[in-house]
Amino acid sequence: MRWIVRNPKFSIPAGIVVLGGLAWLAFGFFGVHLLFVDDKIAEAPPAFAATKSEATTANGSATTPSPPAATDPPATIAPGAAPSTSAPATTVPVAVSPQPEIVTEYVGSFVGRNHPTSGNAVVLGDGTGQRFVRFEEFETDNGPDLNVYLVNSSAGGINDFVDLGNLKGNIGDQNYEIPADTDLDVYDTVLIWCVRFSSPFGEATLSST
């Protein structure tokens, strides 16, 4: 140990190697090894709140049984008189409001930036203001701290974006809810962004249908 301290031309390079190794363990290995491990996902199309509400109303509403009706003593009919008849009860149909129609509002195709990326981004809405962006046949490389952003491309880079959360999987169909009142004519690009290394993996530019 004393010999190393007294010989800086050996101790300094050795220290650099040790620090480099620690940096690799802290940042490189835990990030780079993910490139070789796939996170696959297969989400069903998104469930909208209005649709779920309609289903609950139609199928899950509780009914309270009516108490048994009181029975009256049988009426006495005079000899020779015709028995009285009453009109049968009629059932009034209950109107069921139609479920909101789910439509495709925007579409885009993924292209690679710093990593090969493919698939489609589809924005689905039901007219109530709730919207989802759905990835279909999506595939990119895996990596650390991958997030899904809606980016204002006119601002340049990622100076103006809406964070939709962590990427759920680097392969497969998946859904991300878009915050209400997000203007997709402004935030017009879906970006897969690596937060740790400030690196774009892939993007899809949205176009209205």
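Our structure is the block above this text.
Please read these numbers as outputs of a predicted model, since none were measured by experiment. (Residues numbered from 1 in each chain as written. Predicted model: local features only at pLDDT ≥ 70, side-chain atom pairs only at ≥ 80, totals over all residues. Heavy atoms only, no water.)

A.B. asks: How would you explain the nonpolar core if you had to name every residue and give the values?
C.D. replies: Judged by nonpolar contacts, the single largest core of 23 residues is most densely connected at Val133, Phe135, Leu150 and Val190. Counting residues per element, the ones that place at least two in this core are β1 (103–112), β2 (117–125), β3 (131–140), β4 (146–151), β5 (161–166), β6 (174–178), β7 (189–194) and β8 (199–205). Leaving out residues up to four positions away in the same chain, leucine 150 has contacts with Asp160, Phe161, Val162, Leu164, Ile178, Thr182, Leu184, Tyr187, Thr189, Val190 and Leu206. (Core = buried A, V, L, I, M, F, W, Y, C linked by side-chain atoms within 4.5 Å. Buried < 20%, exposed > 50% of the residue type's maximum accessible area, 1.4 Å probe, protein only. Helix = DSSP H or I, 4+ residues; strand = E, 2+ residues; numbered from the N terminus. Contact = heavy atoms within 4.5 Å.)

A.B. asks: Before we move on, could you go through the pattern of salt bridges and cite the residues and values that matter?
C.D. replies: Throughout the structure, instances matching the rule amount to six salt bridges. Measuring nitrogen to oxygen at the nearest pair gives 3.5 Å for the salt bridge that ties aspartate 145 to arginine 196. Of this pair, aspartate 145 sits in the loop between β3 and β4 while arginine 196 sits in the loop between β7 and β8, and the two are 51 residues apart along the sequence. For aspartate 145, a relative accessible area of 40% corresponds to the partly exposed category. A residue is classified by how much of its surface remains accessible, and arginine 196, at 34% relative accessible area, is partly exposed. The structure contains a network of salt bridges with shared partners spanning Arg134, Glu136 and Asp173. (Salt bridge = Lys/Arg side-chain N within 4 Å of Asp/Glu carboxyl O.)

A.B. asks: Mind laying out the packing of aromatic side chains, listing which residues take part and the relevant values?
C.D. replies: This model, assessed by the stated rule, comprises six aromatic pairs. On the numbers, 4.9 Å between centres and 40° between planes, the contact of phenylalanine 135 with phenylalanine 138 is tilted. Judged by relative accessible area, which is 2%, phenylalanine 138 ranks as buried. Aromatic pair tyrosine 149 and phenylalanine 161: ring centres 4.1 Å apart, planes at 20°, arrangement stacked. (Phe/Tyr/Trp six-rings, centres within 6.5 Å; stacked < 30°, edge-to-face > 60°.)

A.B. asks: Residues and numbers for the pairing of β3, please.
C.D. replies: Among the 10 residues that make up β3, seven are buried, leaving the element largely enclosed by the rest of the structure. Alignment of β2 against β3, held across eight bridges, turns out to be antiparallel. Across the sheet, the residue bridging to leucine 124 is phenylalanine 132, located in β3. As defined by bridge partners, β3 adjoins β6 across five bridges and the pair is classed as antiparallel. Looking at β6, one finds that phenylalanine 135 is bridged to glutamine 174. (Pairing = 2+ DSSP bridges.)

A.B. asks: Account for unusual backbone geometry, naming residues and giving values.
C.D. replies: Residue glutamate 137 is not a glycine yet carries a positive backbone phi of 55°. As for its position among the elements, glutamate 137 is in strand β3. The backbone of serine 198 shows a phi angle near 50°, a positive value even though the residue is not glycine. You can see serine 198 is positioned in the loop between β7 and β8.

Remember, this is a structural readout, not a statement about activity or role.
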